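# Remarks on the overall topology
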Amino acid sequence: MDIQVYSCGLLVVEGRVVRCALGHGGVREDKREGDGRTPTGRFALRAVLYRKDRVMRPETHLPVSTIGPNDGWCDDPSEPAYNKRVILPHPGGHETLYRLDSLYDIVVTLGYNDDPPIASKGSAVFMHIARDDYSTTEGCVAVAQTDLLTILALVGPEDFLAINPPRL
């Protein structure tokens, strides 16, 4: 199954249509590190990360693990761990997964630029919780927490996130 994400800010899964936030740089094929663009393409749903101190373990057929205070994601193209989960402190540039806000309370890691990662092509492209006002992301796809939980209950490792697929 494909979860379809359209550049107009809508996501469709099994006939359900929900609002989503996308990158402040728009939806583009030529994603680069730090450009704020959400990449187009069809990406595997790799795993779910969640904050067990804030939310219950999501029901899903995807692999699930917890986020702790020392978890990060490398966004430094010069690092061997580029576009991978890292333990903090980490010598290279990175994002902190254990955030003060709720955006990463539930995160779906995607198969974008990860097999193998290509330096500067973009990192940390996730599906995660949206801000209440659905303001733009740094390049991720973000939905309301209730919608994310519904999506996770429907999907497994054989499913994909298709960003800006052709219209029917």
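Provided above is the structure to which this section pertains.
In short, a report on the structure. Each residue is numbered by its place in its chain's sequence as written, counting from 1. Where totals are concerned, whole chains, interfaces and linings use all residues; where local detail is concerned, this predicted model gives features only for residues with pLDDT of at least 70, and gives and counts side-chain atom pairs only at 80 or more. Calculation of side-chain values draws on the structure's entire complement of heavy atoms; hydrogens and water are dropped beforehand.

Okay, the overall build of the protein chain next. The number of helices and strands found in the protein chain is one helix and 14 strands. Its C-alpha radius of gyration of 15 Å places the protein chain within 12% of the 15 Å reference for a compact globule of 168 residues. The principal-axis extents of the C-alpha atoms in the protein chain amount to approximately 45 × 35 × 30 Å. When a residue's accessible area, from a 1.4 Å probe over protein chains only, is under 20% of the maximum for its type it is buried; when over 50% it is exposed; and in between it is partly exposed. Counting the 168 residues in the protein chain, one finds 49% classified as buried. For helices the rule is a DSSP run of H or I covering at least 4 residues; for strands it is a run of E covering at least 2, with both sets numbered from the N terminus onward. Atoms counted for the radius of gyration: C-alpha only. Globule rule: 2.2 Å times residue count to the power 0.38.

Moving on, we come to the pairing of strand β8 (residues 71-74). Here β8 shows a buried face lined by D71 and W73 and a second buried face lined by G72 and C74. As judged from the three bridges shared by β8 and strand β9 (residues 85-87), these two strands associate in the antiparallel manner. Across the sheet, W73 pairs through a bridge with R85, a residue of β9. In short, DSSP must find at least two bridges between two strands for them to pair. Where β8 lies against strand β10 (residues 94-96), three bridges are found, and the strand directions are antiparallel. Counterpart to G72 in the pairing with β10 is T96.

Glancing now at the state of the cysteines. Our working definition of a disulfide is a cysteine sulfur pair at a distance within 2.5 Å. Scanning the entire structure with this criterion turns up zero disulfides. Its sulfur unpaired, C20 is 7.6 Å from the next cysteine sulfur, which belongs to C8. Looking at the unpaired C74, the closest cysteine sulfur is the one in C140, lying at 15 Å.

Next up on the list: the side chain of R37. One can find R37 in the loop between β4 (27-28) and β5 (38-39). A distance of 3.2 Å separates a polar atom in the side chain of R37 from a polar atom in the side chain of D30. Pairs of residues are marked as contacts when any of their non-hydrogen atoms sit within 4.5 Å. Not counting chain neighbours up to four residues away, the residues in contact with R37 comprise G25, G26, R28, D30, K31, E138 and G139. Between N or O atoms, a polar contact is any pair within 3.5 Å; within protein, one atom must be a potential hydrogen donor and the other a potential acceptor, and residues adjacent in sequence are included only when both atoms are from side chains.

Okay, the pattern of salt bridges next. For this document, the term salt bridge refers to a Lys or Arg side-chain nitrogen within 4 Å of an Asp or Glu carboxyl oxygen. Under the criterion given, the structure shown has ten salt bridges. For R51, the salt bridge is made with D53, and the minimal N-O distance between the two is 2.7 Å. Taking the relative accessible area as the measure of exposure, R51 reaches 3% and is therefore buried. What makes D53 partly exposed here is its relative accessible area of 47%. Between R85 and D71 there is a salt bridge, with its nearest N and O atoms 3.0 Å apart. Of this pair, R85 sits in strand β9 while D71 is found in strand β8, placing the two residues 14 residues apart along the sequence. Exposure remark for D71: the relative accessible area of 9% places this residue in the buried category. The network of salt bridges with shared partners includes R28, D30, K31, D35 and R37.

It is worth spelling out the layout of surface pockets at this point. Only protein atoms enter the 1 Å grid used here. Points where a 1.4 Å probe fits but cannot escape make up a cavity, open sets with protein on both sides within 12 Å along at least five of seven lines make up a pocket, and a residue lines them when an atom lies within 4 Å of a point. Grid points are joined across faces, edges and corners, and a volume is the space filled by probe spheres set on the points. The volume enclosed by the largest pocket comes to roughly 300 Å³. In terms of lining residues, the largest pocket is bounded by 20 residues, among which E95, Y104, E138, G139 and C140 are the most central. Estimates place the volume of the second largest pocket at around 160 Å³. Taken together, R46, W73, N83, K84, T109, L110, Y112, D114, S123, A124, V125 and F126 form the lining of the second largest pocket.

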